[in-house]
Amino acid sequence: MTELAQGTVHTVGPDLEAALRSDTKVLQIWQGLTPLGRNEFICWVDDAKQPATRERRIGRTLAELQEGKTRPCCWAGCIHRADKTPSPWQQAVLIDGKNRDGPKGPQSA
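Worth saying up front: this structure is predicted, and the values here are computed from it rather than measured.

Rules used in this analysis
Residues numbered from 1 in each chain as written. Predicted model: local features only at pLDDT ≥ 70, side-chain atom pairs only at ≥ 80, totals over all residues. Heavy atoms only, no water. Helix = DSSP H or I, 4+ residues; strand = E, 2+ residues; numbered from the N terminus. Buried < 20%, exposed > 50% of the residue type's maximum accessible area, 1.4 Å probe, protein only. Areas by Shrake-Rupley, 256 points an atom, 1.4 Å probe, with all protein chains shown as cover. Axes fitted to C-alpha atoms, helices over the stretch in contact; angles between N-to-C directions. Parallel < 35°, antiparallel > 145°, perpendicular 65-115°, else oblique. Contact = heavy atoms within 4.5 Å. Nonpolar A, V, L, I, M, F, W, Y, C, P; charged D, E, K, R; others polar. Salt bridge = Lys/Arg side-chain N within 4 Å of Asp/Glu carboxyl O.

Chemist: Just to check I follow, could you spell out the overall build of the protein for this structure?
Modeler: The helix and strand tally for the protein stands at five helices and zero strands. Starting at the N terminus and walking to the C terminus, you meet the elements of the protein as α-α-α-α-α. Burial statistics for the protein: of 109 residues in total, 34% are counted as buried. Here the protein displays about 7100 Å² of accessible surface, and carbon together with sulfur accounts for 53% of that area.

Chemist: Before we go on, may I ask you to explain the packing of helix 2 (residues 24–32) against helix 4 (residues 51–66) in this structure?
Modeler: The description of two helices packed together rests on the angle between their axes and the distance between the axes. Between helix 2 and helix 4, the least distance of the axes is 10 Å, while the angle of their chain directions is 80°. Taken together, the axes of helix 2 and helix 4 lie roughly perpendicular to each other. Across the interface between the two elements, Val 26, Ile 29 and Trp 30 from helix 2 touch Leu 62, Leu 65 and Gln 66 from helix 4. Looking at the contact of helix 2 with helix 4 residue by residue, the classes come out as five nonpolar, one polar and no charged.

Chemist: Looking at this structure, I do not really get the pattern of salt bridges. What am I missing?
Modeler: Counted by the stated rule, this structure contains seven salt bridges. The partner of Arg 54 in a salt bridge is Asp 46, and the shortest N-O contact between them spans 3.0 Å. A residue is classified by how much of its surface remains accessible, and Asp 46, at 34% relative accessible area, is partly exposed. Linking Asp 47 and Lys 49 is a salt bridge whose minimum nitrogen-to-oxygen distance equals 4.0 Å. Residue Asp 47 is classed as partly exposed on the basis of its relative accessible area of 31%. On the basis of relative accessible area, Lys 49 is assigned to the exposed category, the value being 73%. Put simply, Asp 15, Asp 46 and Arg 54 are held in one network by salt bridges that share partners.

All we've got here are geometric facts, nothing functional implied.
So, in structure tokens, the structure goes:
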């Protein structure tokens with residue numbers, strides 16, 4: 001069995017690996033992605049909080065690879081990479097855990 005290519009920070013989980021290996025064309029596409037591209041897909045799948053969301057993201061990963069996408073659609077990007085500084089939005093929302101209401105609390109309607 002061919003060794004599965006990994007990301008720059010993240011490694012492929014068993015469920016994502018099984019899905020990738022289930023389709024030889026998708027596996028070939030995966031192996032041809034850049035390490036950063038693979039890392040984005042892995043981080044996006046790993047970021048799911050619930051098993052159902054993770055399953056849905058794995059399915060979308062396969063579909064997006066077949067569509068020719070090299071990064072997950074609508075994903076802000078991996079915040080775990082040490083080679084780039086997170087954007088202000090990533091820092092505030094994903095890392096610091098601030099909500100959309102901002103520093104002054106909920107906005108009144």
